[in-house]
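Understanding the architecture of this molecule
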Amino acid sequence: MADLSDLPEPVVRRKRRHLPSAIWIVPALAILAGAVLAVRTYLSSGPTIKITFENADGLDADKADVRFKNVPVGKVTSVDLADDHRHVVATVELSRGASSLAVKDSQFWVERPRVGVGGVSGLETLLSGAYIGVDIGTSTDRADEFVGLEKPPSVTRDQRGSRFELTATDAGSLAVRSPVYLRRVSVGWVTAANLASDGKTVNLEVFVQAPYDKDVTDKTVFWNSSGLDVALDANGLRVDAQSLATVVAGGIAFDVRDPHAPGAAPRAGATYELYPDRARAMAPPEGIRVAAKLRFRDDIRGIGVGTPLDLGGIQLGVVDAVQPGYDDATHAFYFDVTASVFPERLGPAYTAVTALAPGKPVAEALQTLVARGLHAQIRSGNLVTGQAYVALAWFVAPPSAKAGAIATDHGAWVIPTEPGGSDVLQKQVQEIVAKIDHIPFDAIGANVQGMTASANALVGHLDRDVAPEAAKAFVQAQGAIAAMRQVIASIGDNVAAPDSAIQQSTRATLEELDRAAYSMRSLADYLEHHPESLLRGRASGDEPRGK
Amino acid sequence: MTAHARALRARDLGLVACEACELVMTDPHRDTDDRLHCPRCGEPVHRRKVNTTARAWAFLIAALALYFPANVLVMMKTVQFPLRRADTIWSGVVFLWERGTWDLALIVLVASIVVPLVKLVALATLLVTTRRKSRFRPRARTRLYRVLETIGHWSMLDVFVVSLLTAVVQLGRFASVAPGPAVLPFAGVVVLTMLASASFDPRTIWDFDGQEPARG
């Protein structure tokens, strides 16, 4: 072993500080980090809630989650049968930030693929599997047990718009989610359709999305636009449909009657009437209803419930019922028609009518019109379809004697009737037939026959008297022609024969002429050479040359 | 090591060696905590690893603090259509076991749960016995320390698996892997146990008053 005393010594640079070692920061940090992680994990696990469903179709524990607006806000940790074996209970662990949705009026439902007439929804769940949808309630009371809906709620709370109550006599083909149209634009849907408690009407609730809910005013009318609106009435055939979807799925349309008077915002909780079709919805507001009674003794074919009561083109009322009766005295059937008359449809004239019987019911005022000759008559509105209407018209001049002869019947306006328009038409046709009957076709026929006979006689006379004379004349004419031919032939013989006297004399004459012409030529030549001879005469010896 | 009448440490002879240039020096400041430097090369001269006990304990406690979140929290989130899973280490082992891949389950179990735990316990044991200047089987404890140093980094397996899968399996909606919040504490446990074992000075196992240890 070497001598240790010769070894060098290490150099002391610095005294060690007696402070706690900085190394203890490491575990402190680690503990802090672990604590933070633990706290964060604890905080991120929100409350656990239980939701009861009818069945757990497509709902798997660990796979399904809870989504609000398609944002996962929790997960299904287990799906168990309820104690009563009728339901399933899904245990859901909400994430921390979503604990606010565990309030009393939150709604939960299982989102699955659904196919309806209104469209397809939840298609994405075909791939991702069902999930639980949630609509956060507004309550502040916390809850941890919920009863899930079987269908998604038709309106979630985050959708802006307004709900309106409608009453209808009949739901038609309307159902929840049936669309609501404004000028054929889908602006909402039916959210509830329930029978009223008395079972006589249907209460519908519709949701109209903002901003179109502002178009629903106190003047708005709703009507059922389901299917094809085929109307066959006195105005002919009309077909109306909102859209192909409404033909299948039904729908509601709304509008205001008068676009120039859109009306004001409706009262809260106002209930609207759902008219069965657009025509009835758009009809002028009915106002006061006055019952009217009419008794027809003639054919009322074409008159039924809904037949209009027409005053100069204005639909003043509508037939409510037709009741046949038998009149023992006249041994004839009659028909009692009850109708609703809406005198306010007369517009400004309504005040004039009421002025007729001031201070009395409107029916009394209307009754005075009857005394002035306003009667009812069935008239044919459409010859093709046979639809008829009840026309109110003036039929007799105001006979003061009859004034007030007919009184109102228990407040109902009693309107006397005139023979129907169809009867009038029938009579006119009958008259035409009668006139045709009066035409003396027999006499005309006899005349024609006489004319034919005399014509026959004339022809016979001609045949008998004129024809033989004519034949004689023809024979004579033939003789004359033959004689003429002989004359012509003899002339030809006399003239054309070479040794005939005419021929010889003619030839002699021509020779004579020839000579005369020669002489003339000689004279002309001489005169040409001796023009003076015309004055002095011919010089001697100066013979004109010639042959 | 065969038995000797006396087992002297360098310290017992008042000597200290430079770890850089191996210069042997006398150590007159043996009882002080002064910082020594080599007169030849200037490097610090340590009789033992600096502050070994405190450092080892500190790292050990830090590792222990992170061990719990590492095992309780979600390690790996997987989407394997239509299933979505969020596995802790233990649920992953159970899942693999139930799938029938018990070999993989054992590997994950050993590498991710047993090894870190064994390291923590073993280091704690070493530190406690050393502090109490235990004479119990110092050779076995020294070997244990060597084993700890060797297997230490293999327990990063889980972190590697998650990192690899996260990078590779990204098929959107149909299959994807994302790391969970347990990954960081788990990596922390592994790193801190490695640091703890590195801070531990095996020489302290033999610092029991210079007495001949029991055979081990």
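Everything below is about the structure printed above this text.
If you're wondering where the values come from, they're calculated on a predicted model, not measured in any experiment.

**Topic: the overall build of chain A**
Within chain A, the regular secondary structure consists of ten helices and 27 strands. Expressed as a percentage of its 547 residues, the buried residues of chain A come to 22%. If you take every contact in chain A between residues at least 6 apart in sequence, the share linking residues at least 24 apart comes to 65%.

**Concerning the overall build of chain B**
Looking only at helices and strands, chain B has six helices and seven strands in total. For chain B, the sequential pattern of α-helices and β-strands runs β-β-β-β-α-β-β-α-α-α-α-β-α. Taken across its 216 residues, chain B has 29% of its residues classed as buried. Within chain B, contacts between residues at least 6 apart in sequence are counted, and of these 67% link residues at least 24 apart.

**Topic: the sheet that holds strand 22 (residues 314-327) of chain A**
Residue and element names in this part refer to chain A. One open sheet holds the eight strands; their spatial order is 26-20-23-22-21-25-24-27, and the pairing between them is mixed. At either margin of the open sheet sits one strand with a lone partner, and together these are strand 26 (413-415) and strand 27 (417-418). Sitting on the sheet, helix 6 (residues 362-371) touches strand 20 (290-296), strand 24 (374-380) and strand 26, and the angle it makes with strand 26 is about 15°.

**Structural notes on the sheet that holds strand 3 (residues 65-68) of chain A**
Residue and element names in this part refer to chain A. What the seven strands build is an open sheet, ordered 6-9-3-4-5-2-10; its pairing is mixed. Every interior strand has two partners, whereas the edge strands, strand 6 (107-111) and strand 10 (145-147), have only one. Between one strand axis and the next, the sheet turns by 30° as a mean value, whatever way the strands run. Bridging between strand 6 and strand 9 (residues 131-135) involves five bridges; their strand directions are antiparallel. Opposite V110, over in strand 9, you have I132 as the bridge partner.

**Overview of the packing of helix 5 (residues 157-168) of chain B against helix 6 (residues 183-199) of chain B**
All names here are of chain B. Interaxial distance between helix 5 and helix 6 falls to 9 Å at its minimum, and their mutual angle equals 145°. As for how helix 5 packs across helix 6, the hand of that crossing is left-handed. Contact residues: D158, V159 and V162 in helix 5; V183, F186 and A187 in helix 6. A class-by-class count of the residues in the contact of helix 5 with helix 6 yields five nonpolar, no polar and one charged.

**Looking at helix 2 (residues 89-98) of chain B**
Residues and elements named next belong to chain B. Regarding helix 2, the residues found buried are I89, G92 and V93. The arc that holds every buried residue of helix 2, seen down its axis, measures 100°, which confines them to one face. Tucked into the core, helix 2 has its buried residues touching helix 1 (52-72), strand 5 (76-80), strand 6 (83-87), helix 3 (102-131) and helix 5. Note on helix 2: the residue one or two positions beyond its end, G100, has a positive phi of about 95°.

**Structural notes on the packing of helix 1 of chain B against helix 6 of chain B**
Residue and element names in this part refer to chain B. At a closest axis distance of 8 Å, the pairing of helix 1 and helix 6 adopts a crossing angle of 160°. Taken together, the axis directions place helix 1 and helix 6 in an arrangement best described as roughly antiparallel. With respect to the hand of their crossing, helix 1 and helix 6 are arranged in left-handed fashion. Contacts from T52, R55, A56, F59, L60, A62, A63, L66, Y67, P69 and A70 of helix 1 reach helix 6 at P185, F186, G188, V189, L192, T193, L195, A196 and S199. Considering only residue class, the contact of helix 1 with helix 6 consists of 15 nonpolar, four polar and one charged.

**A few points about the pairing of strand 4 (residues 71-81) of chain A**
Residues and elements named next belong to chain A. Both strand 3 and strand 4 contribute to a ladder of four bridges, which runs antiparallel. Directly across from V66, in strand 4, lies its bridge partner G74. Linking strand 3 to strand 4, which pair antiparallel, is a turn of two residues; within it K69 sits at a positive phi near 55°. Here seven bridges tie strand 4 to strand 5 (residues 88-95), and the two strands are oriented antiparallel to one another. Residue pairing across strands places G74 opposite L94, the latter belonging to strand 5. Remark: six residues form the turn of the hairpin made by strand 4 and strand 5, two consecutive strands paired antiparallel; H85 in that turn has positive phi of roughly 65°.

**Some thoughts on the nonpolar core**
In globular proteins that are soluble, nonpolar side chains generally tend to be buried together. Formed by 38 residues in total, the largest nonpolar core has its most connected members in F59, L60, A62, A63, L66, L192 and A196 of chain B. Here this core takes 13 residues from helix 1 of chain B, the largest share from any one element. Each residue touching L66 of chain B, except ones within four places of it in the same chain, is listed here: A30, A33 and G34 of chain A together with P185, G188, V189 and L192 of chain B.

Criteria and cut-off values
- Residues numbered from 1 in each chain as written.
- Chains lettered and ligands numbered in written order.
- Predicted model: local features only at pLDDT ≥ 70, side-chain atom pairs only at ≥ 80, totals over all residues.
- Helix = DSSP H or I, 4+ residues; strand = E, 2+ residues; numbered from the N terminus.
- Buried ≥ 20, exposed ≤ 12 C-beta atoms within 10 Å, placed from the backbone.
- Contact = placed C-beta atoms within 7 Å.
- Pairing = 2+ DSSP bridges.
- Axes fitted to C-alpha atoms, helices over the stretch in contact; angles between N-to-C directions.
- Left-handed = near helix turned anticlockwise from the far one by under 90°.
- Nonpolar A, V, L, I, M, F, W, Y, C, P; charged D, E, K, R; others polar.
- Arc of directions from axis to C-beta.
- Parallel < 35°, antiparallel > 145°, perpendicular 65-115°, else oblique.
- Core = buried A, V, L, I, M, F, W, Y, C linked by C-beta atoms within 7 Å.

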